[in-house]
Amino acid sequence: MSSTTPASSGRRWDGAPIRTHRLRSLRLSESSPSRLLCTAQASRCRDCGNRITWHDRTDHRPIAMHPQELPAAAVPLVCRWHIDSGIAHPAGDGSPWCRIPHTVLCPARSASTLLTPQLTALRRRLALHTRRLTDTGTFTPPLAPTEPRNPTECRPARPVVQLLYGRYLAATPLDDIQCVAQTRTRRRCTQPVLDPTTKAGIWKLLPATPARGQLTLPATSMAVYDLSHLPYSEQLRWRTQRCPRHATTPGAPDLALTGWEVLDPLLHHPHIHTRLPDTARRRGNGQQPCHRRTPARQEP
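For clarity, every value in this text was computed on a predicted model and none was experimentally measured.

*Asks:* Can you walk me through the overall build of the protein in this structure?
*Replies:* Counting its regular elements, the protein contains 5 helices and 12 strands. Residues counted as buried form 38% of the 300 residues belonging to the protein. A separation of at least 24 residues holds for 61% of the contacts in the protein among residues at least 6 apart in sequence. Summed over its atoms, the accessible surface of the protein is roughly 19,200 Å², and 53% of this surface lies on carbon and sulfur atoms.

*Asks:* Mind showing me how you'd approach the layout of surface pockets here?
*Replies:* Empty space left among the atoms is revealed by rolling a probe the size of a water molecule over them. Of the voids in this model, the largest pocket is the one considered here, and its volume is about 1,400 Å³. Taken together, 40 residues make up the lining of the largest pocket; nearest its centre are R46, W54, P62, A171 and E261. Of all the elements in the fold, those that place two or more residues in the lining of the largest pocket are β1 (41–44), β2 (51–57), β3 (62–65) and α1 (102–105). Looking at the lining of the largest pocket element by element, the count peaks at 4 residues for β1. Class assignment for the residues of the lining of the largest pocket results in 18 nonpolar, 11 polar and 11 charged.

*Asks:* Looking at this structure, how should I read helix α2 (residues 117–135)?
*Replies:* Each full turn of the α-helix corresponds to 3.6 residues, which orients residues three or four apart in the same direction. The end-to-end C-alpha separation of α2 is 27 Å, in line with the 27 Å expected for 19 residues at 1.5 Å each. On its buried side, α2 packs onto β1, β4 (70–71) and α1. Positive backbone phi, approximately 80°, marks G137, located one or two places after α2.

*Asks:* Would you explain the nonpolar core in this entry?
*Replies:* A general tendency of soluble globular proteins is for nonpolar side chains to be buried together. V161, L174, I177, Y225, L227, W238 and W260 are the most contacted members of the largest nonpolar core, which has 17 residues in total. Every element with two or more residues in this core is listed here: β8 (160–163) and β11 (221–226). With near-sequence residues (within four places) excluded, L174 lies in contact with P159, V161, L194, W203, Y225 and W238. One finds V75, L105, L122 and L126 within the second-largest nonpolar core, a separate group that totals 12 residues.

*Asks:* What is the right way to read the sheet that holds strand β9 (residues 166–169) from this model?
*Replies:* The pairing of strands in a sheet happens through backbone hydrogen bonds and is either parallel or antiparallel. A sheet is described by the order of its strands in space; here 5 strands give the open sequence β10-β11-β8-β9-β12, paired in mixed fashion. Across the chains shown, the open sheet's two edge strands, defined by having one partner strand only, are β10 (202–207) and β12 (261–262). Two elements, β9 and β12, share 2 bridges in a ladder whose sense is antiparallel. Each bridged residue has a counterpart across the sheet, and for L169 the counterpart in β12 is E261.

*Asks:* Is there a simple way to explain the pairing of β1 in this structure?
*Replies:* Two faces, one strand: in a regular strand the side chains alternate between the faces of the sheet. Here β1 pairs with β2 via 4 bridges, running antiparallel. Within β2, the residue paired with Q41 across the bridge is W54. Following β1, the chain reverses through 6 residues before pairing antiparallel with β2; G49 in that reversal takes a positive phi of roughly 85°.

*Asks:* Honestly, the packing of aromatic side chains in this entry has me stumped. Any pointers?
*Replies:* For any pair of aromatic rings, the description consists of the separation of the ring centres together with the inter-plane angle of the planes. Going through the model one piece at a time under the given rule, you end up with 3 aromatic pairs. Between Y168 and W260, the aromatic rings sit 6.3 Å apart at their centres with planes inclined by 65°, giving edge-to-face as the arrangement. Of this pair, Y168 sits in strand β9 while W260 sits in the loop between α4 (244–247) and β12, and the two are 92 residues apart along the sequence. W260 shares its class with Y168; the two are buried. When the centroid spacing of 6.1 Å and the interplanar angle of 50° are considered together, the rings of Y225 and W238 count as tilted. Of the two residues, Y225 sits in strand β11 while W238 sits in helix α3 (residues 232–239), which places them 13 residues apart along the sequence.

*Asks:* Even after reading the chapter, I still don't get the environment of A170, so can you show me in this structure?
*Replies:* Relative to the helices and strands, A170 is located in the loop between β9 and β10. For the pair A170 and T258, spaced 88 residues apart in the sequence, the C-alpha separation amounts to 9.1 Å. In contact with A170, other than residues within four places in its own chain, are R158, P159, I177, G259 and W260.

The rules behind these values
Residues numbered from 1 in each chain as written. Predicted model: local features only at pLDDT ≥ 70, side-chain atom pairs only at ≥ 80, totals over all residues. Heavy atoms only, no water. Helix = DSSP H or I, 4+ residues; strand = E, 2+ residues; numbered from the N terminus. Buried < 20%, exposed > 50% of the residue type's maximum accessible area, 1.4 Å probe, protein only. Contact = heavy atoms within 4.5 Å. Areas by Shrake-Rupley, 256 points an atom, 1.4 Å probe, with all protein chains shown as cover. 1 Å grid on protein atoms, 1.4 Å probe; cavity = no way out; pocket = protein on both sides within 12 Å on 5 of 7 lines; lining within 4 Å. Points joined across faces, edges and corners; volume = space filled by probe spheres on them. Nonpolar A, V, L, I, M, F, W, Y, C, P; charged D, E, K, R; others polar. Expected span 1.5 Å × (residues − 1). Core = buried A, V, L, I, M, F, W, Y, C linked by side-chain atoms within 4.5 Å. Pairing = 2+ DSSP bridges. Phe/Tyr/Trp six-rings, centres within 6.5 Å; stacked < 30°, edge-to-face > 60°.

Written as structure tokens, this is what we have:
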């Protein structure tokens, strides 16, 4: 008959000491190239429902990457990417592994001619996963618009905004641009960037001049939400996509990527509108602030 010795309150069953870990909040390093606590923002593709991770590119544009590394030998050279300090670079880093953009593998898009047999098999598995998500009701594929667009309405879903001596394409309508800062409850702030208590921008028809290095387009004018008359601090608040309260809280990190894209008139031509929004035109000459919420948001 053997007797067992009960473990002390400060040790495990095998006698090892029990170490208590204190919960510590994450903080951003001063030398960090990103204000995100996590550079790889996990999300799901809106077209196929598969997992993706968002990274910033060297030109500050976001890119959706496949969440796993792949053997570099199975990926064409033009499709190889690598992540360095949270920034995505369009090239290999010399290692036997690399990353690949999700658009190359997305089963909701047309198959690329660059797909190798390994990538074709991976794309097939992603398509099967999309089917399972659809059958279980977890994912609903986006439906193509069936109703004809009304050419008399002009409410851009992705407006062009001019700030800090540049033009950017927003990811959502002005009213839906959400603050990206993290709250004290470690959740994303729900306040909009467009605040009625601050000075609003002005809708203008400005020439669609290309930037340096871009192709010249036919002379035309486009509707731009101009913020260049606002103070630098206010333009910076829009560029960092923060509400007025979090704009004065530099210690609050970002919990999501900003939705801005540097405007390329040739690449973003479908989002260029030659008419001012209806709310701006109803105000008269279209040079007055336009920040009212409109019930419908349809592109012409």
